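Spelled out from the first residue to the last, the chains are:
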Amino acid sequence: MKTRPLLLWLLALIITLASAYYQRATGPTWPLTGTVTLNGREIHYKLPRSHEGSGKARISVIAPDTLVFGFVKFAFQDYPGAWRQTAMLRHGDTLVAELPGQEPLKVMPCQVYLVVRGSSPVLITKDLLKIRFKGYTPRAALIPHIVFMFAAMLFSTRAGLETLTGGRRGPTLASWTVVTLFIGGIALGALVTYYAFHLWWTGWPVGTDLTDNKTAIALLIWLFAWLRVRKHPRRRVAVIVAAALMLVIFLIPHSM
């Protein structure tokens, strides 16, 4: 392989990995992390904001100091003003609370408190913790979905770089982008959505889910660019615009 194509693939890979990480890390299901100081010790926490399956949602905080205990206040989505409370039980160095399982698409607001014996409870998070529930998705469906979506973003970025640098493989890379985006985002995406929420589609016109909507928009943009460059190979602006818009679209946090 020549040096130039290899460097373009490497640059496309770096951009794809960075955008994928940013998309996940800024989404509403990424764990909520932080630090609180109790009894002179720092306690680092990592709280879940998503729960898969029908079982109980587990919240845990590592707190080796046995003088520290905690509890969790939570509310059901259908009764937002009726707060309930459950104690965090100690298992060695870890405080654990289990919350009732909910149906897919339900959201459970929570407040996590830690207490040093003889002191007032401390709310450890500034923002309200919201746990989103979804059904179990078999890895046989989820992993191919992720692989094809990653491939679509990689081919899209590579097509843009190829066209920007005057290469001739833009039309071919555009074709691969359309194919992988359709398989990963539409076909496998619908399957993953069905497993998670018992719905095949949650975007327009039946819903307002940004993940489904942005996937559909990205596919339409790339279909236009592919048809454009297929008929007029020298008119490459559409590929560059499609690659740029794809990057912008997929920087929108996942699972909004």
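**Quick look at the packing of helix 3 (residues 170-197) against helix 4 (residues 210-231)**
For the pair helix 3 and helix 4, interaxial distance at closest approach is 9 Å and the crossing angle is 155°. It follows that helix 3 is roughly antiparallel to helix 4 by the angle criterion. The handedness of the crossing between helix 3 and helix 4 comes out as left-handed. Contacts between helix 3 and helix 4 involve Pro171, Ala174, Ser175, Thr177, Val178, Leu181, Phe182, Gly185, Ile186 and Thr193 on the former and, on the latter, Asp212, Thr215, Ala218, Leu219, Trp222, Leu223, Trp226 and Val229. Grouping the constituent residues of the contact of helix 3 with helix 4 by class yields twelve nonpolar, five polar and one charged.

**Some details on unusual backbone geometry**
In this model, Asn39 sits at a positive phi of 55°, which is unusual for a non-glycine residue. Residue placement: Asn39 occurs in the loop between strand 1 (32-38) and strand 2 (41-47). Overall, Asn39 belongs to the partly exposed group, its relative accessible area being 45%. In this structure, His198 is a non-glycine residue whose phi angle is positive, near 60°.

**Quick word on the packing of helix 2 (residues 139-164) against helix 5 (residues 237-249)**
Following both chains from N to C, one finds helix 2 and helix 5 inclined at 140°, their axes separated by 8 Å at the closest point. Accordingly, the angle class assigned to the pair helix 2 and helix 5 is oblique. Classified by chirality, the crossing of helix 5 by helix 2 is left-handed. Contacts between helix 2 and helix 5 involve Ala152, Met153, Ser156, Ala159, Gly160, Thr163 and Leu164 on the former and, on the latter, Val239, Ile240, Ala242, Ala243, Met246 and Leu247. Looking at side-chain class alone, the contact of helix 2 with helix 5 contains ten nonpolar, three polar and no charged residues.

**What about the side chain of Asn213?**
On the secondary structure map, Asn213 appears in helix 4. For Asn213, a relative accessible area of 19% corresponds to the buried category.

**Side note on the environment of Tyr79**
Considering the arrangement of structural elements, one finds Tyr79 in the loop between strand 5 (68-74) and strand 6 (84-91). The exposure class assigned to Tyr79 is exposed, which follows from its relative accessible area of 54%.

**Let's talk about the environment of Phe182**
Along the polypeptide, Phe182 turns up in helix 3. Here Phe182 falls in the partly exposed class, since its relative accessible area comes to 43%. Once residues within four sequence positions are removed from consideration, Phe182 is found in contact with Ala187 and Leu219.

**Looking at the pairing of strand 1**
Looking at chain direction, strand 1 and strand 2 are connected through seven bridges and run antiparallel. Looking at the pairing, Leu32 lines up with Leu47 of strand 2. The antiparallel hairpin formed by strand 1 and strand 2 contains two residues in its connecting segment, where Asn39 sits at a positive phi of about 55°.

**Here we look at helix 5**
Between its terminal C-alpha atoms helix 5 stretches 18 Å, which fits the 18 Å expected from 13 residues at 1.5 Å a residue. Within helix 5 the residues assigned to the buried category are Ala238, Val239, Ala242, Ala243, Met246 and Ile249. One face of helix 5 carries all of its buried residues, which in axial projection span an arc of 130°. In helix 5, the exposed positions angled more than 90 degrees off the buried face are occupied by Val237 and Val248.

Cut-offs and rules
Residues numbered from 1 in each chain as written. Predicted model: local features only at pLDDT ≥ 70, side-chain atom pairs only at ≥ 80, totals over all residues. Heavy atoms only, no water. Axes fitted to C-alpha atoms, helices over the stretch in contact; angles between N-to-C directions. Helix = DSSP H or I, 4+ residues; strand = E, 2+ residues; numbered from the N terminus. Parallel < 35°, antiparallel > 145°, perpendicular 65-115°, else oblique. Left-handed = near helix turned anticlockwise from the far one by under 90°. Contact = heavy atoms within 4.5 Å. Nonpolar A, V, L, I, M, F, W, Y, C, P; charged D, E, K, R; others polar. Buried < 20%, exposed > 50% of the residue type's maximum accessible area, 1.4 Å probe, protein only. Pairing = 2+ DSSP bridges. Expected span 1.5 Å × (residues − 1). Arc of directions from axis to C-beta.

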